There are 2 protein chains.
Amino acid sequence: MSFTDEVEELARRRGFYWPSYEIYGGVGGLYDIGPNGLRVKQKIENLWRHHFLRGSGFAMVEIETPLVTPERVLEASGHVDSFTDPLVVCPNCHRVYRADQLAQEKLGVKTEGMTLDELRDLYKKNEIKCEACGTRLLDVQYFNLLFQTHIGPFTSDLGFLRPETAQGIFTAFKRVYESERRRLPMGVAQVGRVARNEISPRQGLLRMREFTIMEFEFFFDPERGPDPSDFVQKKVKVRWANGESSVENIGSLIESGFLKSPWMGYFMASTLDFMESLGFSADEVTFLEKGERERAHYSAQTFDVVVPTKRWGEVEVAGIAYRTDYDLRRHSQFSGEDLSVSVQLPAPEKRKVVSVKLNRAAIGKRFGERAEDVMKAIYAAAESMRAGSEVASANSGSLEVQTSFGTLELGQEYVKVEVSEELVSTKKVFPHVVEPSFGADRLLYVLLDHGLKEKEGRRVLSLPAAVAPYDVAVFPLIQENGMVKKAVEVLDALRGAGFDALYDEDGTIGRRYARVDEIGVPWAVTVDELSVRGKGVTVRERDTWKQWRVDEARLAEVLSAMKAGKGAGELGLAEERTGGEARKKGREGREREKSW
Amino acid sequence: MSFTDEVEELARRRGFYWPSYEIYGGVGGLYDIGPNGLRVKQKIENLWRHHFLRGSGFAMVEIETPLVTPERVLEASGHVDSFTDPLVVCPNCHRVYRADQLAQEKLGVKTEGMTLDELRDLYKKNEIKCEACGTRLLDVQYFNLLFQTHIGPFTSDLGFLRPETAQGIFTAFKRVYESERRRLPMGVAQVGRVARNEISPRQGLLRMREFTIMEFEFFFDPERGPDPSDFVQKKVKVRWANGESSVENIGSLIESGFLKSPWMGYFMASTLDFMESLGFSADEVTFLEKGERERAHYSAQTFDVVVPTKRWGEVEVAGIAYRTDYDLRRHSQFSGEDLSVSVQLPAPEKRKVVSVKLNRAAIGKRFGERAEDVMKAIYAAAESMRAGSEVASANSGSLEVQTSFGTLELGQEYVKVEVSEELVSTKKVFPHVVEPSFGADRLLYVLLDHGLKEKEGRRVLSLPAAVAPYDVAVFPLIQENGMVKKAVEVLDALRGAGFDALYDEDGTIGRRYARVDEIGVPWAVTVDELSVRGKGVTVRERDTWKQWRVDEARLAEVLSAMKAGKGAGELGLAEERTGGEARKKGREGREREKSW
C-alpha cells in the first residue's frame with residue numbers, strides 16, 4: 001500500500017472522510033467528512049476564527065450569505081466571463097480532460113495561464129492522444145466552472161453556486177459597514193461552502209467540487225497601512241513570480257516595494273503564525289507569488305501558500321490576494337449603488353470647487369434642438385476641471401466646450417463658471433481589499449498527511465493537540481473491580497473541566513491505545529487498580545507511548561499544561577518504570593494482551 | 001411601523017439579517033445573516049449540538065456531506081417524484097402563484113395535502129383571479145422544488161441541491177456505522193445548508209430558498225425502545241391530526257399507542273427541553289400531528305413543532321418524523337448495497353434454514369434454453385419458504401415451482417430442498433429512523449420576534465443569555481481619568497475568563513446602553529471614577545435597567561452566576577440608590593446626556 005493509500009484507507013476506516021454517495025459508485029470531487037474528520041475540521045475552523053477574527057485588533061466580523069447567486073452578481077464580479085478552465089474532448093470516446101493539465105503531463109511544459117489559442121497551438125503541434133482510446137485530441141475549448149441553476153419557476157432567472165464567498169461579502173458591504181458604524185479597516189469573514197464544477201477532479205480532498213472556504217475581505221483605506229509592529233520582523237519564505245526565492249523579513253519586503261500593499265505583508269505574517277499554530281514550521285510554509293497570467297482576473301498580486309506533502313508534493317492551502325477596489329467598483333457600476341465610503345483625511349486639504357451656473361433660456365434660444373448636447377458638454381468641461389485639468393479660459397469670462405458638432409466658445413451670457421478652493425477633511429474612496437482565503441478541507445488533508453507516522457509497525461496519527469479530534473481518552477483498564485465506575489467519574493470530571501474526552505471500555509487496553517493512536521488523540525488516561533485505591537491514574541502520551549502516574553486531583557491541570565506544550569519533566573511527573581506498556585498493563589491488570 | 005417592520009428594521013440596521021444581493025434589488029427567499037445575527041445563530045447551533053449530541057447518552061456523531069447530489073440519490077429517496085408544490089400561472093401576465101396557498105387565501109378552505117386534481121377542480125369551480133392583472137387562473141401544475149444543476153462537463157449528469165441533509169446521512173450510513181463500531185442506537189447529525197426552490201417565497205426568514213437545517217437521523221432496532229426514564233413524565237401539548245388537542249405526559253402517549261414509536265416520544269420530550277433552554281415555556285410549544293396527506297412521502301408519523309409569534313401566528317421551527325426504514329430500504333434497492341445490519345436478539349431463536357441443491361446438468365439437459373428460467377423459479381420458491389410459506393411438497397421429494405411457461409413439479413433428480421432449524425442469536429434488520437429536524441434561521445427569527453420589546457419608548461431585545469450575541473458589554477463611562485485603561489483591563493479579564501465581551505467607548509453612555517439593549521446584550525459593565533479608585537464597577541441589566549456595584553475581583557463570578565439565572569439578591573448585591581441611570585451617570589461622570 002502506498003502512503004497515500006494509507007491516508008485514504010485510514011480516513012475511510014476511522015471516519016475522517018470518504019467519497020460521497022459511495023454506495024452509488026461515488027461522484028468525482030465530492031467527499032463526506034466523517035465524525036472524526038469533522039471534529040478536526042471544526043477545530044481548524046475555530047482556530048482560524050480565533051486567530052484571524054477574535055484575536056485581531058481590528059473590527060473583524062463574520063457573516064453568512066447564500067451559495068445560490070443570481071447571474072448579475074457573477075457578471076459584475078467577472079466570473080461569468082473569466083471563471084473557466086480549458087478542456088479537451090476526445091472526438092471518438094468523448095472522454096474529457098483538463099487541456100492544460102494533460103498537455104503539461106504529456107509534454108512537460110508549464111501550461112498554467114496559457115490562452116486558449118496557445119493551448120490549441122500546443123495540441124496542433126504535438127500529438128496528444130486520448131488515454132482511453134488513443135485518438136488524437138485537438139478540440140480545446142473553455143468550460144465555465146460555475147454550477148448553473150435556475151432561481152424560482154422561470155428558467156430565465158439564471159443562478160449559479162458561488163465559487164467563492166467573497167461576492168456575498170461585497171454585495172453586503174454597505175450593510176455591514178453601516179452596522180459596524182463605518183470604520184476602516186474592517187474585515188468581513190465567511191466560513192462556508194463553495195462549489196466549482198471541476199472538469200475531472202482527482203487528488204481526493206485537494207480538488208473538490210464542493211468544499212469549505214474560510215476567508216475574509218479586509219477593507220482598508222489605500223492610503224493607510226498597518227501600524228508597524230512585531231509583524232515586520234517576521235521572516236517569510238517567498239518564491240517570486242520571476243523564479244527567484246528569498247527568505248526575508250516582511251518589513252524589508254514592504255520597504256523594497258515587492259509587496260503591492262503593506263497589508264499583504266501584514267497578512268502574510270499572520271498567515272504564517274496561523275500555520276505555525278497548526279504545527280507547520282516556518283521553513284515548511286512557502287509564499288508562492290503568482291505570475292500575471294496565473295492570477296485571478298481581480299487580483300493585482302497573489303501569493304499561494306503552499307506546504308510540502310508526502311504524496312502530492314507542494315500543496316496550496318491558502319491564497320492571499322490583493323483585490324484592490326476591483327470588486328466594489330464593479331458592483332457600484334453594475335448595481336448603480338455607490339459603494340465608496342467617506343474617509344478622514346490625515347490633514348484637511350484644499351480642494352478645487354467648480355460651480356457652474358447655466359442660463360438655460362439663453363442656451364435654448366441659441367441652440368434649439370442642440371441645447372441638450374451643449375449642456376452635456378458644459379457638464380463634461382466642469383467635471384474635467386474638478387478632476388484638475390485647466391479648461392481653456394475658465395474664470396476669464398468664457399468657456400470652451402466640445403460638443404458633438406464641434407468646439408464652442410461660450411460667453412458669460414450662457415454659462416458662468418467659478419473656480420474656488422475650500423478646506424475639506426474627508427474624501428470618498430473605494431476601500432481596497434486584501435483577501436486571505438483558506439481551504440478547510442485541504443488543511444484537514446495536509447494535517448493527516450503530515451501526522452500519519454509509523455511506530456513499531458503501528459500507525460500513529462500525530463496531530464497537534466489543538467486540532468486533535470479529542471483532547472483525551474479515558475479507559476478503565478478492565479471492566480472489573482470498580483474501574484468502570486471510577487473511569488466514568490474521571491471522564492465526567494474532565495468533561496466538566498472543558499476537555500473533549502472520549503470513553504472506551506471495549507477490547508483490550510492495547511487495542512484501545514492503538515485505536516486512539518490512529519485517530520490522533522494525544523493522551524489516554526487509564527484507570528487501574530491503583531486508581532480505584534486513590535493512587536492516581538496513568539497518562540499515556542500518543543507520540544512517545546510514555547506513561548506517567550498522576551494524582552486524580554491534579555489530572556485536569558496536568559493535561560491543560562501538556563496541551564499548552566509543557567513536558568512531563570517540567571510538571572514534575574515521574575515516568576512509570578516498566579519495560580513495555582503491554583507487559584506492565586498485563587501485570588497490573590492481570591489481563592492477557594492478544595493483539596500486540 | 002407595524003411590529004414586523006420593527007423586527008425587520010432592527011434586523012437590517014443592527015446587523016441581524018437583510019435580503020441578499022440587496023444592491024441588485026434582492027432575490028426572493030435569500031437572506032444574508034449579519035454579524036449579530038450570526039452570533040446568535042451560531043449560539044443556537046452550538047446549544048443544539050450540546051443538547052442533542054454531546055448531552056445525550058447515545059452514540060451521536062456529526063458529519064458533513066455535500067449539497068450537490070446526483071439524480072440517482074434523490075430518485076431513490078423519492079424527492080425527484082414527490083418534492084413538489086402546486087403552482088398556477090396567469091395566462092395573461094405570467095405571474096406565478098402557489099396554487100394551494102392562493103386558493104386557501106381566496107376561498108378560506110384548507111388546501112394542504114390536496115392532490116393536483118382536487119386543486120384543479122377547485123380552480124375550475126371557483127373564479128380565482130390574478131392579483132396583478134385580474135385574469136382568471138386555471139393552469140394548476142406541479143413544480144419540483146429541487147434546484148437542478150449538472151455535475152461536470154456533461155449535461156447528462158443531472159444533479160440537484162439537497163433539500164434536506166438526510167440523504168447524505170443515509171448514503172453514508174454504512175461508513176459511519178462501521179467507524180462507530182456497529183452500535184445501535186446511533187444518531188448521525190448534520191448542521192448545514194439546504195436549498196428549496198420555493199415558487200414565491202414570502203415571510204422573510206420563515207420561507208427561505210436556502211437555509212440552515214440542524215437535524216439528525218436516529219437509527220434504532222425497531223424492537224428496542226428507549227429505557228424508561230424521566231422523559232416519560234414530561235408533559236407535552238399536542239394537537240392531533242383529527243383536530244383534538246391534549247396535554248399529556250409522554251409515557252401515556254406511548255402506552256396508549258398514539259405514538260408510532262416510543263422514540264418519537266423520547267425526542268418530543270428532548271425537543272421540549274431544548275425549546276425551554278431557548279426561553280420558550282412548555283405552554284408555548286405545540287406538537288402538531290400532520291395528517292396522512294400532509295406528511296412527507298417517507299413518514300409514518302410527523303409532528304411539527306410550532307411556537308406562537310406576534311406577527312405570523314404559529315410558526316413551525318422543527319419537525320419530528322418517523323421515517324421507519326423507508327430510506328435505508330430504498331437506497332439498498334436503488335444502489336444494490338445491503339444497508340441492513342445485524343442485531344443481537346434478546347434470546348436465541350429458532351430459524352428455518354432452507355438449503356437448495358441443484359443438479360444443473362440435469363436441468364440443462366431437460367429444459368435447454370429455459371433452464372435459466374427454471375433455476376430462477378427454484379430460487380424464488382426457496383426464498384418464499386425462507387419467508388415462511390409452505391411450498392407444496394418440499395421435503396416430500398419434489399418441488400413445485402412457477403416458471404414463466406407454467407407450473408412444474410421437479411423431482412429430486414433436479415433439485416433437493418432441505419428444510420431444517422437452527423438456533424440463531426442475531427438477525428438482519430433495517431434500522432428504523434426517527435428524525436428531529438430544526439430550522440436554525442427560523443429559530444433566529446422567532447427569538448427576535450419574542451425578544452423585541454418596548455420599554456419607556458425604547459426598543460429592548462430580550463434574548464436569553466445563552467443565545468445573546470455577546471454575554472456582556474464593557475464601557476468606560478467617559479474617555480477620561482484613566483477609565484479607558486481600566487475598562488480595557490476589565491474587558492481583557494472577562495475575555496480571559498471565557499466571556500464573549502463587546503467593548504465600546506463611542507458616544508454618550510446612554511447611547512451605548514441603548515445600542516446594546518437593541519442587540520440583546522444582557523449585561524453592561526461600566527467603569528467610572530469609583531472603579532478607577534478600586535471601588536468596583538457597575539453592572540447594568542438589560543431587561544430591568546437596574547444597576548449594582550460589583551467588586552472587580554468578583555465580576556466574572558457574578559456574571560457567571562447571573563448567566564446561570566441567579567438574581568442580584570441571591571448574590572448579595574445592593575442596587576445603586578439613584579433616581580435614574582442617566583441622572584446618576586451624569587453626576588458621576590460629569591457628562592451631559594443628550595439622547596435620553
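Everything here concerns the structure above.
This structure is a prediction, so every number in the text was calculated from the model and none was measured. (Residues numbered from 1 in each chain as written. Chains lettered and ligands numbered in written order. Predicted model: local features only at pLDDT ≥ 70, side-chain atom pairs only at ≥ 80, totals over all residues. Heavy atoms only, no water.)

1. Overview of the sheet that holds strand 4 (residues 68–70) of chain B
Residue and element names in this part refer to chain B.
Phase 1 of the analysis: What the 3 strands build is an open sheet, ordered 4-9-8; its pairing is antiparallel. Because the sheet does not close on itself, it has two edges, and the strands there are strand 4 and strand 8 (148–150). For this sheet, the mean inter-axis angle between neighbouring strands, taken without regard to orientation, is 45 degrees. (Pairing = 2+ DSSP bridges. Helix = DSSP H or I, 4+ residues; strand = E, 2+ residues; numbered from the N terminus. Axes fitted to C-alpha atoms, helices over the stretch in contact; angles between N-to-C directions.)

2. Quick look at the pairing of strand 10 (residues 186–195) of chain B
Within a regular strand, side chains alternate between the sheet's two faces.
Residue and element names in this part refer to chain B.
Phase 1 of the analysis: With 10 of 10 residues buried, strand 10 is to be regarded as a mostly interior element.
Phase 2 of the analysis: Both strand 3 (residues 59–62) and strand 10 contribute to a ladder of 4 bridges, which runs parallel. Following the sheet pairing, Val61 is matched in strand 10 by Val188.
Phase 3 of the analysis: Relative to strand 11 (residues 210–220), strand 10 runs antiparallel, the two sharing 10 bridges. Looking at the pairing, Ala195 lines up with Glu210 of strand 11. (Buried < 20%, exposed > 50% of the residue type's maximum accessible area, 1.4 Å probe, protein only.)

3. Here we look at the sheet that holds strand 6 (residues 96–98) of chain B
Residue and element names in this part refer to chain B.
Phase 1 of the analysis: Spatially, 6-5-7 is the arrangement adopted by the 3 strands of the open sheet, whose pairing is antiparallel. A strand with exactly one partner marks an edge of an open sheet, and here the two such strands are strand 6 and strand 7 (139–144). On average, each strand axis in the sheet is inclined to that of its neighbour by 40 degrees, with strand direction left out of account.
Phase 2 of the analysis: Bridge analysis of strand 5 (residues 84–89) against strand 7 gives 6 bridges, and the strand direction is antiparallel. Considered in strand 7, the bridge of Val88 is made with Val140.
Phase 3 of the analysis: Sitting on the sheet, helix 5 (residues 99–107) is in contact with strand 5, strand 6 and strand 7, with an inclination near 75 degrees to strand 6.
Phase 4 of the analysis: Sitting on the sheet, helix 6 (residues 116–125) is in contact with strand 5 and strand 7, with an inclination near 150 degrees to strand 7. (Contact = heavy atoms within 4.5 Å.)

4. Some points on the interface of chain A and chain B
Interfaces are often sized by the accessible area lost when the parts come together.
Phase 1 of the analysis: Chain A puts 71 residues into the contact, and the matching count from chain B is 71 residues.
Phase 2 of the analysis: Approximately 5,900 Å² of surface area, both sides summed, lies buried where chain A meets chain B, with 60% of it carried by carbon and sulfur atoms.
Phase 3 of the analysis: For A:Glu22, the salt bridge is made with B:Arg175, and the minimal N-O distance between the two is 2.8 Å.
Phase 4 of the analysis: Between the two partners, chain A and chain B, sit 28 residue pairs in polar contact (both at pLDDT 80 or more).
Phase 5 of the analysis: Counting residues per element, the side of chain A that touches chain B draws most heavily on helix 2 (residues 35–54) of chain A, at 5 residues.
Phase 6 of the analysis: Of the residues belonging to the side of chain A that touches chain B, the class tally is 31 nonpolar, 18 polar and 22 charged. (Buried area = accessible area lost by both parts, 1.4 Å probe. Salt bridge = Lys/Arg side-chain N within 4 Å of Asp/Glu carboxyl O. Polar contact = N/O pair within 3.5 Å; in protein donor to acceptor, adjacent residues only side chain to side chain. Nonpolar A, V, L, I, M, F, W, Y, C, P; charged D, E, K, R; others polar.)

5. Remarks on unusual backbone geometry
Phase 1 of the analysis: Note that the residue after A:Leu184, namely A:Pro185, is joined by a cis bond; omega there is -5 degrees.
Phase 2 of the analysis: Its place among the elements puts A:Pro185 in the loop between helix 8 (173–179) and strand 10 (186–195).
Phase 3 of the analysis: The backbone of B:Tyr21 shows a phi angle near 55 degrees, a positive value even though the residue is not glycine.
Phase 4 of the analysis: Considering the arrangement of structural elements, one finds B:Tyr21 in the loop between strand 1 (17–19) and strand 2 (31–33).

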